[in-house]
Each structure stands twice: as structure tokens, then as C-alpha cells.
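Fold and geometry: a report
This is what each chain is made of:
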Amino acid sequence: MRRPPPDAPRPPVVGLVNGPVTWGGVTWAAYAWDDLVNRTAQSRNEVLLHELFHGVQPRLGLLVPDPKNEHLDALDGRYWLQLEWRALARALRASGGQRDAAVRDALAFRQARRRIYPAAAENERALEINEGTASYAGTVLAASSRADATASALDILMGFEKGESFVRTFAYASGAAYGLLLDEASPGWQRALRSSDDLGILLMNALAVQPANEAAGAAAAYGGVALRAAEQQREQLRQDRINELRLRFVDGPVLVVPGGGGGYTDSRGATVIPGSGTVFFHTYRISGDWGTLEAEKGVLLASDGRSRRVPAPVRRDDGTFSGDGWTFKAAPGWVVREGARRGDYEVVRQQP
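Numbering of residues begins from 1 in every chain and follows the order in which that chain's sequence is written. pLDDT decides what is reported in this predicted model: residues at 70 or higher carry local features, side-chain atom pairs at 80 or more are listed and counted, and totals for whole chains, interfaces and linings draw on all residues regardless. With hydrogens and water stripped out, all remaining heavy atoms of the structure feed into the side-chain values.

Let us look at the sheet that holds strand 8 (residues 291-295). Backbone hydrogen bonds are what pair the strands of a sheet, in a parallel or an antiparallel way. At least two DSSP bridges between two strands are needed for those strands to be called paired. Helix and strand labels come from DSSP, where a helix needs a run of H or I of at least four residues and a strand needs a run of E of at least two; each type is numbered from the N terminus. The strand order across the open sheet built from six strands is 4-7-8-13-12-11, with neighbouring strands paired in antiparallel fashion. Two strands bound the open sheet, and with one partner strand each, they are strand 4 (262-265) and strand 11 (315-317). Across the sheet, the axes of successive neighbouring strands diverge by a mean angle of 15 degrees, strand direction being ignored. Relative to strand 7 (residues 284-288), strand 4 is paired through four bridges, and the arrangement is antiparallel. Paired with G262 across the bridge in strand 7 is S287. Note on geometry: axes are lines fitted to C-alpha atoms, helical ones only across the stretch in contact, with angles between N-to-C directions running from 0 to 180 degrees.

See below:
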């Protein structure tokens, strides 16, 4: 159904981001044109349907607070996640007992990761509900057959394993895979899905299986030795990168912007600074009652979500503040003032 544009101010993110936006009191699915035109027809349809699903997600009760999953930038987090993906891929290609065995391995790798990181189970579960179910919906609805949907899910799994970072992006791959496996094991599972569910537990119960007894032993069948070596090498490079980022976003002069608000974040390549937060390097557009922040070269989002940091110095031009790769526009009633440390600035509500 075609609908004319609302008689209301156009949200500034329309045409620039993929995601739901509220315009004229109605929830719309917004898309970045440059992103859509560079995709295949099926991939484009997957994105269109993915974002449309986000628009109805609140009404389905499947929208939960957005976790950060910082542990998935660490060596063990990445190692066990990729093994889980490889086992899920094997399960999607198999049937019967072979499928069940691969699922048991996937669950064992999932369990091993969550034993190392106590908060992982809840953080991962929540993001699989938020983004994983949307990824599943886009994958299934855009496919002309079960075989096409499976092929797309396998492509997603393989593509994400080659990605720079899994922080906040992992659920796109996991969600499509678990959803398709649940389609076979428990038809109609979507209608009973709740925001408190864990996709892995749903699949485990549907197949009446348990995680494999020895995750470390099972890893060998999925290239675990080579994967561990590759991740150890990446970890050495990551530590050097973290030291550089810490100088830029933590130890050096910064502009501190309040947390909260909404907008668009490109999570590709996100890097965690342990104890401080996650740096997002690509397109970052967030607005709140404090104003609007746009960045292309890096924003540090604190682990608790209460603040954001971009490197100072700050240059002021008609109420707009800018630095290396970022701009900030303060909302009425908010000002930028000097911070507690020399060279720092902070965004605060203006005192009467």
C-alpha cells in the first residue's frame, strides 16, 4: 500500500540508514539507497524484509534492551563463536542423526564460551532476539524455497566469519541458522517465541539433544587447531590496536557526549577497549534530547552505555562542534563546556 509522506518534519536519518524510524506518528522502515543498489536482488529483498520486521517487532513483544557483547572481540569469545557457526553450517547441510550430532557440537561450543564469560548467555540471547530473529525473517521471506533460504544462511555464516569484528553483528549469522533449524525441528516455533527465549535452548529441546560432552575434543573436527592459531595471531595485533585507541579515546583529550538517544550505528570492525567500551569506526549517527552526533572515524561508546567519546580538540562554528571525523550539534538547552581534565570537553544541560 502506498502512503504519502507525513505532514511532519522529515527525520534526518531517512535515506541514510537502514532501520525503523518514527515519522508523523507512524513507524516506517528507512533504507540507505547506496547500500541497497549494491546488493544482489535476493540480498536486497532480505534487507528490505529485515527492516520491515524491526518495524513490527515491538508489537510482537520481541524487542529487548540492546546489549554490547564486548566479549566477542576477545580471543576465546571469537574462537568458540566461530566453532559454533561451523557446527551450525554442518547441521544445515545434514539431516537426521548427522544433523543432531552437529547441533550437539554447536551447543557445546556455545556452552564453552558462556562458561568463560559469565554475562555472555544473557547478552547473546538478547541480541539474537533483537537482530537474530530479524535476520531469520529476512532470510526466509526473501527465499523462493527452503533450499534457497538454507544457501543464504550458509553464505551469511561464511561471510561473517571473515568479518573484522563480531561485536553486535554475530546475531545476524546465528539467528538465521538457528531459525532455519528450528523450522525443521519445531514447525510453528515463531508463534510461541518470547523475548525471554534462547534460540539455542529452543533447538536443544525441540531435537531432545544435549550439548556434546567434550567441546575441546569436538573442536578438532571443525578446524579448531588452525582457528586457534589464527585467533592468537589476531589477538597480538588487537592488543597493539587497543593501545592506540586507548591513547585516542581514553587517555587523550576528548569530548564526552551523554548516552541514550537513537539512530544508526554501523558495527562492522567495532573494537573493544577492555574496561572502557567499544569503538565504532564506520557511520555513526545518533540523536537525543542533548543534540546530534555524527562520526565517520570513530566513537567510543562506554560499556555501561551512559556516555560517548570522540577525540578533541573541538572547533566551534555557529553552534556546531567538530573534530577529526565527527560533528556535534547541541540541542536547545544544552551546552559544551570544558571538562574536568585539561583539554576535555563535555556536553551538559544548560543551567537556568
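This part is about unusual backbone geometry. Although it is not a glycine, R168 adopts a positive phi angle of roughly 70 degrees. Structurally, R168 can be placed in the loop between helix 6 (146-161) and helix 7 (170-185). A positive phi angle is found at A208, which is not glycine, with a value near 55 degrees. With respect to the helices and strands, the residue A208 is situated in the loop between helix 8 (199-207) and helix 9 (215-219). Each residue is placed in one exposure class: buried if its accessible area under a 1.4 Å probe, protein chains only, is under 20% of its type's maximum, exposed if it is over 50%, and partly exposed if it falls in between. The exposed category is assigned to A208, whose relative accessible area is 70%.

It is worth spelling out helix 5 (residues 120-142) at this point. If you check helix 5, its first and last C-alpha atoms are 31 Å apart, about what 23 residues at 1.5 Å a residue would give, namely 33 Å. Among the 23 residues that make up helix 5, 18 are buried, leaving the element largely enclosed by the rest of the structure. Given the number of residues in a helix, its expected span is that number minus one, multiplied by 1.5 Å.

Moving on, we get to helix 10 (residues 224-251). By definition, a residue's bend is the angle between the axes fitted to the seven residues ending there and the seven starting there. Along its length, helix 10 reaches its greatest deviation from straightness, about 30 degrees, at L245. Those residues of helix 10 that fall on the buried side of the exposure criterion are G224, L227, E231, E235, R238, I242, L245, F249 and V250.

An order of 5-6-9-10-3-15-14 is seen for the seven strands of this open sheet, with the pairing classed as mixed. This sheet does not close on itself; its edge strands, each paired only once, are strand 5 (271-273) and strand 14 (334-338). Taken over all neighbouring pairs, the strand axes of this sheet differ in orientation by 30 degrees on average, direction set aside. Where strand 3 (residues 254-258) and strand 15 (residues 345-349) come together, two bridges link them in parallel fashion. Paired with L255 across the bridge in strand 15 is Y345. Residue contacts are defined here by distance: any two heavy atoms, one from each residue, within 4.5 Å place the two residues in contact. Across the sheet, helix 10 is in contact with strand 3, strand 5, strand 6 (277-280), strand 9 (299-302) and strand 10 (307-311); its angle to strand 5 comes to roughly 65 degrees.

Below, the discussion takes up the environment of V299. Within the fold, V299 resides in strand 9. Remark: the alpha-carbon pair of V299 and T283, spanning 16 residues in sequence, is separated by 9.6 Å. Those residues in contact with V299, other than ones at most four positions away along the chain, are F249, T278, V279, F280, Y284, L293, R308, R309 and V310.

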